[in-house]
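# Survey of secondary and tertiary structure
So the chains spell out like this:
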Amino acid sequence: MTRWGMVIDLERCTACQACVVACKVENNIPPAGPEDAAVGRSIAWIRLARMETQEHGGVSSAQLVPVPCMHCENPPCVKVCPANATRIGEEGLVAQVYPRCIGCRYCTTACPYTVRQFNWKDAAWPEPLDQALSPDVSVRPRGVVEKCSFCHHRLMLARDRARFEKRELQDGDYLPACVESCPANAMFFGDLDDPHSEVSRLAESPRAFRLMEELGTRPKVTYLSRGD
Amino acid sequence: MHAEELGADEVLLRPIQRTTRAFWLFSVPLVGIWIWGMYAWTRQLDSGLQMTGMNVPVYWGLYITGFVFFIGISHAGTLISAILRLCHAEWRRPITRAAEVITVLVLFFGAGCVILDLGRADRVMNVILHPNFQSPLVWDVCSITVYLTASTVYLYLPLIPDIALLRDRGGSRQWFYRILALGWSGSPGQKRLLERIIGVMAVIVIPIAVSVHTVVSWVFAMTVQPMWHSTIFGPYFVVGAIFSGIAAILIAMAIVRKAYGLQHYLKPVHFNNLGLLLLVFAALWTYFTLAEFLTTYYGSDPSHMTVFTSKFTGRYAYLFWTMVATCLVIPMALLVRRKTRATVWGCVVASISVEIGMWLERYLIVVPSLSNPRLPRADVSYFPTWVEWSLLAGFLAMFVFLYGLFTKFFPIISVWEIKEGREHALDEVATRVRATLPDSPA
Ligand code: SF4
Ligand code: SF4
């Protein structure tokens, strides 16, 4: 069984936000105007979070870190959902079932990474962007929660392909849009259960750390710290 | 069937027989506020939750605060009345019903607040169709349903003899009372059975009531969020709930007493006794609050401390210190001395202050933790919009109106229990006390 995971190398990341844009295009995320952004209602499945790091000599500096859903192995969001609208699948992806979600936003408050997003209003695209929606991803109705799916629709395609070729899914069968788009090659994606895969090798690196590991969420997104 | 003679107690039935102009003057604005609230709701249904002030990361606001607050108030009635009954506190007689009605009515508004909060209220049945029993919200649905059922039964049972009384008086509503009276004739057998069931129900509702606010607290405590993930939350919420509940009873008693001229029934001694209870809970609440904040401070986990400082000295400081003043300083000042405690105004002022403070307490649990997530986000602050305020006002108004309406159909002070108290209580108490004395036969 494959266990999909991601590695983000902060040494290579230039904080260019290509992943953020690629994700929005890939997943039919409606654009937000300045009014929505000002009240914290713009939707993004992956964002750059600003983290203060303590530097030498008492000078602190900030670092921008790309944060998608961690697809936790022990996800706090799944435990609290009253309607079973968010579940962890066999391959470890934490999925969101839009037609079942009642919009109580309990999962959004329970996620320690605040990566879950709520549809405050109807999704709308200005012309001609409305002609460019991806047919593989459903547009979410108002009132439900959504979040990074590790490009689940791409996984489904990869699964079909593997079945057609009469083989098991394996490392490298698919990449999420963010990983594909990263111009600095700072993002890696693959099978964490395969000991020879690049992600599992990188996840063992001495530079590897995970966000808020101490909370016991067991994230499947690993970061490689900066050398400086 | 001949109608029973009530003598002086006749005054207890007067609100049912006669509706004054004052009642209408009181009802019309309340219903008006409710209609306004419903209008706000249609606006919200029409445009979605963008009509509220909620945002990322403050995903919860006034509605969830209202949920915790209203469910808290519900601990007024059933729980306190059950405890007083079980303790054979004789002074309970004129109070229990006024208290129990609060529980039953306010629960609807507590549950209603959650519905208002849903992005897809039309899908609420998914919680029953596809329940996830790991979720504290599902525990809430279960415990609140059980609580509502039990408190309704517990309100209804002691009403039966009074309903029969009204049935025997005839009038245009007789058919209504006949159905509800379940053929009560007041025979000794029936009386014994009724008292037995009331006794059993009083025992059953206590753990149910405690479970309700414990589970409400677990909605927060079962997450890992800063200053929510606390083991003390269960008992802390229950204490807070009873605290705000007692205050609600005192306010209701004062209004009923004034409106229906029941000064001979709801005496200063009743206010004094409940005021004492309020004082005890003010102390308990302070103890829990201190325990909660001091442990957080000493632990000084950075993510907890961000929330802590935002309450103590930061953005929420003015609300926090108002809460301390209204939950601790004002009630203590008024209730410690008998001179102010044994008065209606003293108790009412203390109670209103406690209600404000407890509402703030709930708000300060929900909002500051959410505004300070572990991974910092762009700084947005939450302020409720007119839609949220209107709905809160609408719910409060409807609750008060329905309470008033209840007094127009049923006696708000239990007629038969007062009568029984007058006829038997003195002897009973004497026997009970005598049995405890050293020289009485075992
Ligand atoms: S990061 Fe948040 S949304 Fe994603 S699986 Fe973990 S708890 Fe759930
Ligand atoms: S908002 Fe939707 S996914 Fe989240 S807890 Fe509520 S029902 Fe579940």
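This text follows the structure it describes.
Note that the structure is predicted; figures quoted are calculated from it, not measured.

### Details of the packing of aromatic side chains
- The tally for this structure, following the rule as stated, stands at 44 aromatic pairs over all chains.
- Ring geometry for Phe312(B) against Phe320(B): centres 5.3 Å apart, planes inclined by 50°, an arrangement best described as tilted.
- The exposure class of Phe312(B) is partly exposed, given its relative accessible area of 30%.
- For Phe320(B), a relative accessible area of 3% translates into the label buried.
- Three or more aromatic residues joined by ring pairs form one cluster here, namely Tyr106(A), Trp60(B), Phe220(B), Trp228(B), Phe233(B), Tyr236(B), Phe237(B), Tyr287(B) and Phe288(B).
- The ring of Phe118(A) carries the charged tip of Arg105(A) above its face, separated from the ring centre by 4.9 Å.
- Sitting over the ring of Phe237(B), Arg362(B) keeps its end group 5.5 Å from the ring centre.

### Topic: the site of ligand 1
- For ligand 1, the set of nearby residues contains 13 residues, the closest of which are Cys69(A), Met70(A), Cys72(A), Cys77(A) and Cys111(A).
- Looking at the shell around ligand 1, its residues break down into ten nonpolar, one polar and two charged.

### Quick notes on helix H16 (residues 344-371) of chain B
Residues and elements named next belong to chain B.
- Here H16 contains 28 residues, and its C-alpha end-to-end distance of 40 Å stays within 8% of the 40 Å for a straight helix at 1.5 Å per residue.
- At Leu 364, H16 shows its maximal kink, close to 25°; a proline, Pro 368, follows between one and four residues later.
- For H16, a buried count of 23 out of 28 residues is recorded, marking the element as mostly surrounded by other parts of the structure.

### A few points about the packing of helix H11 (residues 233-260) of chain B against H16(B)
All names here are of chain B.
- Their axes nearest at 9 Å, the elements H11 and H16 cross at an angle of 145°. In the crossing of H11 with H16, the sense of the turn from one axis to the other is left-handed.
- A per-class count over the contact of H11 with H16 returns 17 nonpolar, three polar and four charged.

### Examining the interface of chain B and chain A
- The interface of chain B with chain A comprises 44 residues on the first partner and 45 residues on the second.
- At the boundary of chain B with chain A, total buried surface from both sides reaches about 3,600 Å², with 55% on carbon and sulfur atoms.
- On the chain B side of the contact with chain A, Tyr59(B), Arg123(B) and Leu375(B) bury the most area, a combined 20% of that side's loss.
- Between Asp117(B) and Arg105(A) there is a salt bridge, with the nearest N and O atoms lying 2.6 Å from each other.
- Here chain B and chain A share 29 residue pairs in polar contact (both at pLDDT 80 or more) between them.
- Looking at the side of chain B that touches chain A, the elements with two or more residues in it are helix H2 (21-47), helix H6 (126-129), helix H7 (136-156) and helix H10 (188-221) of chain B.
- Here the side of chain B that touches chain A is built from residues that sort into 24 nonpolar, 14 polar and six charged.

### Describing helix H5 (residues 96-117) of chain B
Residue and element names in this part refer to chain B.
- Taking 1.5 Å of rise per residue, the 22 residues of H5 would be expected to cover 32 Å, and the 32 Å separating its terminal C-alpha atoms lies within 8% of that figure.
- At Val 106, H5 shows its largest bend, some 25°.
- The element H5 is extensively covered by neighbouring structure, given that 18 of its 22 residues are classed as buried.

### Comments concerning the pairing of strand S10 (residues 221-224) of chain A
All names here are of chain A.
- Covered by surrounding structure in S10 are Val 221 and Tyr 223 together with Thr 222 and Leu 224, the residues of both alternating faces.
- Bridging between strand S1 (residues 4-9) and S10 involves four bridges; their strand directions are parallel. Bridged to Met 6 within S10 is Val 221.
- One ladder, built from two bridges, connects strand S9 (residues 208-209) with S10; its direction is antiparallel. Along S10, the bridge assignment pairs Phe 209 with Tyr 223.

### A look at the side chain of Glu420(B)
All names here are of chain B.
- Of note, Glu 420 is situated in helix H18 (residues 415-436).
- For Glu 420, a relative accessible area of 19% translates into the label buried.
- Leave out the neighbours within four places in its chain, and Glu 420 touches Arg 93, Glu 195 and Ala 425.

### What to know about the side chain of Ser135(B)
- Take Ser135(B): it is sitting in the loop between H6 and H7.
- The class of Ser135(B) is buried, set by a relative accessible area of 0%.

### Some points on the layout of surface pockets
- Here the largest pocket is characterised by a volume of approximately 1,300 Å³.
- Lining the largest pocket are 46 residues; nearest its centre among them are Arg50(A), Arg374(B), Leu375(B), Pro376(B) and Arg377(B).
- Elements supplying a minimum of two residues to the lining of the largest pocket: helix H1 (18-26), strand S2 (47-54) and strand S3 (60-67) of chain A together with helix H13 (302-312) of chain B.
- Among the elements that make up the lining of the largest pocket, the one with the highest residue count is S2(A) (seven residues).
- Residues that form the lining of the largest pocket fall into these classes: 22 nonpolar, twelve polar and twelve charged.
- Counted as a void, the second largest pocket has a volume near 970 Å³.
- Looking at the lining of the second largest pocket, the elements that each hand over two or more residues are helix H1 (14-17), H2, helix H3 (62-73), H5, H11, H16 and helix H17 (386-409) of chain B.
- The element best represented in the lining of the second largest pocket is H17(B), accounting for ten residues.
- Taken together, the residues of the lining of the second largest pocket break down into 27 nonpolar, four polar and four charged.

About the cut-offs
Residues numbered from 1 in each chain as written. Chains lettered and ligands numbered in written order. Predicted model: local features only at pLDDT ≥ 70, side-chain atom pairs only at ≥ 80, totals over all residues. Heavy atoms only, no water. Phe/Tyr/Trp six-rings, centres within 6.5 Å; stacked < 30°, edge-to-face > 60°. Buried < 20%, exposed > 50% of the residue type's maximum accessible area, 1.4 Å probe, protein only. Lys NZ or Arg CZ within 6 Å of the ring centre and 35° of its normal. Near = heavy atom within 4 Å. Nonpolar A, V, L, I, M, F, W, Y, C, P; charged D, E, K, R; others polar. Helix = DSSP H or I, 4+ residues; strand = E, 2+ residues; numbered from the N terminus. Expected span 1.5 Å × (residues − 1). Bend = angle between axes of the 7 residues up to and from the residue. Axes fitted to C-alpha atoms, helices over the stretch in contact; angles between N-to-C directions. Left-handed = near helix turned anticlockwise from the far one by under 90°. Contact = heavy atoms within 4.5 Å. Buried area = accessible area lost by both parts, 1.4 Å probe. Salt bridge = Lys/Arg side-chain N within 4 Å of Asp/Glu carboxyl O. Polar contact = N/O pair within 3.5 Å; in protein donor to acceptor, adjacent residues only side chain to side chain. Pairing = 2+ DSSP bridges. 1 Å grid on protein atoms, 1.4 Å probe; cavity = no way out; pocket = protein on both sides within 12 Å on 5 of 7 lines; lining within 4 Å. Points joined across faces, edges and corners; volume = space filled by probe spheres on them.

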